[in-house]
Amino acid sequence: MSDAPPDPIDDVVGVLTAQIEARFGMSIDHLKAAVAAAPIANSDATDVVKWHGMLLDSQATLDRAEDALMSALQSQPSEVDDPTMELAHQVNAAVAVRDGRAMVVRWLLDSNAVGKHDLAARLLARFGQRQGPAVRTSPPPRPATVPQPGRSLTR
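Residues numbered from 1 in each chain as written. Predicted model: local features only at pLDDT ≥ 70, side-chain atom pairs only at ≥ 80, totals over all residues. Heavy atoms only, no water.

(A) Quick peek at the nonpolar core. Formed by 16 residues in total, the largest nonpolar core has its most connected members in Ile20, Phe24 and Leu31. At the level of secondary structure, the elements contributing two or more residues to this core comprise helix H1 (12–24), helix H2 (28–37), helix H3 (43–74) and helix H4 (82–109). When residues of this core are assigned to their parent elements, the largest contribution, five residues, is made by H1. Setting aside residues no more than four positions away along its own chain, leucine 31 makes contact with Ile20, Phe24, Met26, Ala45 and Val49. If you look at the next biggest cluster of nonpolar residues, it comprises seven residues, including Leu62, Leu69, Ala72 and Val91. (Core = buried A, V, L, I, M, F, W, Y, C linked by side-chain atoms within 4.5 Å. Buried < 20%, exposed > 50% of the residue type's maximum accessible area, 1.4 Å probe, protein only. Helix = DSSP H or I, 4+ residues; strand = E, 2+ residues; numbered from the N terminus. Contact = heavy atoms within 4.5 Å.)

Structure follows, in structure tokens:
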């Protein structure tokens, strides 16, 4: 990796951060502070801040994966071994995650995006968002008496 600063055109996170700042009229740090102080005041800002944080995490993961791959490639003879190929696959996966999160941020910033004005979006806005998970995320409660293997609860 070179020590030169990234080209602004290629800097996905930088471009999206600038778009967020332009949309909300404040720096990303001020927006994060505002969302932390009042998370339900503006659901659009809350969603953008959440996904921007996830985007930053995925970019950091990508940077680490690229650094590991470059290090491995520099120490390789002419043939690339399996561990180095695995590092290349990790870079590809990290790019896919980062790009997916970038797409979500772009969608959140686009007020005319597909799906924001359809019937489902209107119903969601009218009735509010669900407060709990759609499916059970914890194991069911244990019974008061746990049966012993080979024994039944009835005698």
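(B) Main features of H1. Taking 1.5 Å as the rise per residue, H1 with 13 residues should run 18 Å; its terminal C-alpha atoms sit 18 Å apart, in good agreement. Burial in H1 covers these residues: Val12, Val13, Leu16, Thr17, Ile20 and Phe24. One side of H1 holds all its buried residues, which, seen down the axis, span an arc of 120 degrees. Elements in contact with the buried residues of H1: H2, H3 and H4. Immediately downstream of H1, the backbone of glycine 25 shows phi near 70 degrees, a positive value. (Expected span 1.5 Å × (residues − 1). Arc of directions from axis to C-beta.)

(C) Spatial organisation of the environment of leucine 16. In this structure, leucine 16 sits in helix H1. Judged by its relative accessible area of 0%, leucine 16 falls in the buried class. Remark: the alpha-carbon pair of leucine 16 and alanine 102, spanning 86 residues in sequence, is separated by 7.6 Å. Sequence-distant contacts of leucine 16, that is, excluding residues within four places in its chain, are made with Leu55, Ala102, Val105, Arg106 and Leu109.

(D) Seen up close, the pattern of salt bridges. Evaluated as defined, the whole model comprises two salt bridges. Arginine 23 is the partner of aspartate 44 in a salt bridge, and the nearest nitrogen-oxygen pair spans 3.6 Å. Here arginine 23 lies in helix H1 and aspartate 44 lies in helix H3, a separation of 21 residues in the sequence. Residue aspartate 44 is classed as partly exposed on the basis of its relative accessible area, which comes to 39%. Here arginine 23 falls in the partly exposed class, since its relative accessible area comes to 36%. Two residues, arginine 98 and aspartate 99, come together in a salt bridge whose shortest N-O distance is 2.8 Å. (Salt bridge = Lys/Arg side-chain N within 4 Å of Asp/Glu carboxyl O.)

(E) Focus on H3. The terminal C-alpha atoms of H3 lie 46 Å apart, and with 32 residues this matches the ideal 46 Å at 1.5 Å per residue to within 8%. For H3, the set of buried residues is Ala45, Val48, Val49, His52, Leu55, Ser58, Gln59, Leu62, Ala65, Leu69 and Ala72. For H3, the side-chain oxygen to backbone nitrogen distance between the N-cap and aspartate 44 is 3.0 Å, and the N-cap itself is asparagine 42. (Polar contact = N/O pair within 3.5 Å; in protein donor to acceptor, adjacent residues only side chain to side chain.)

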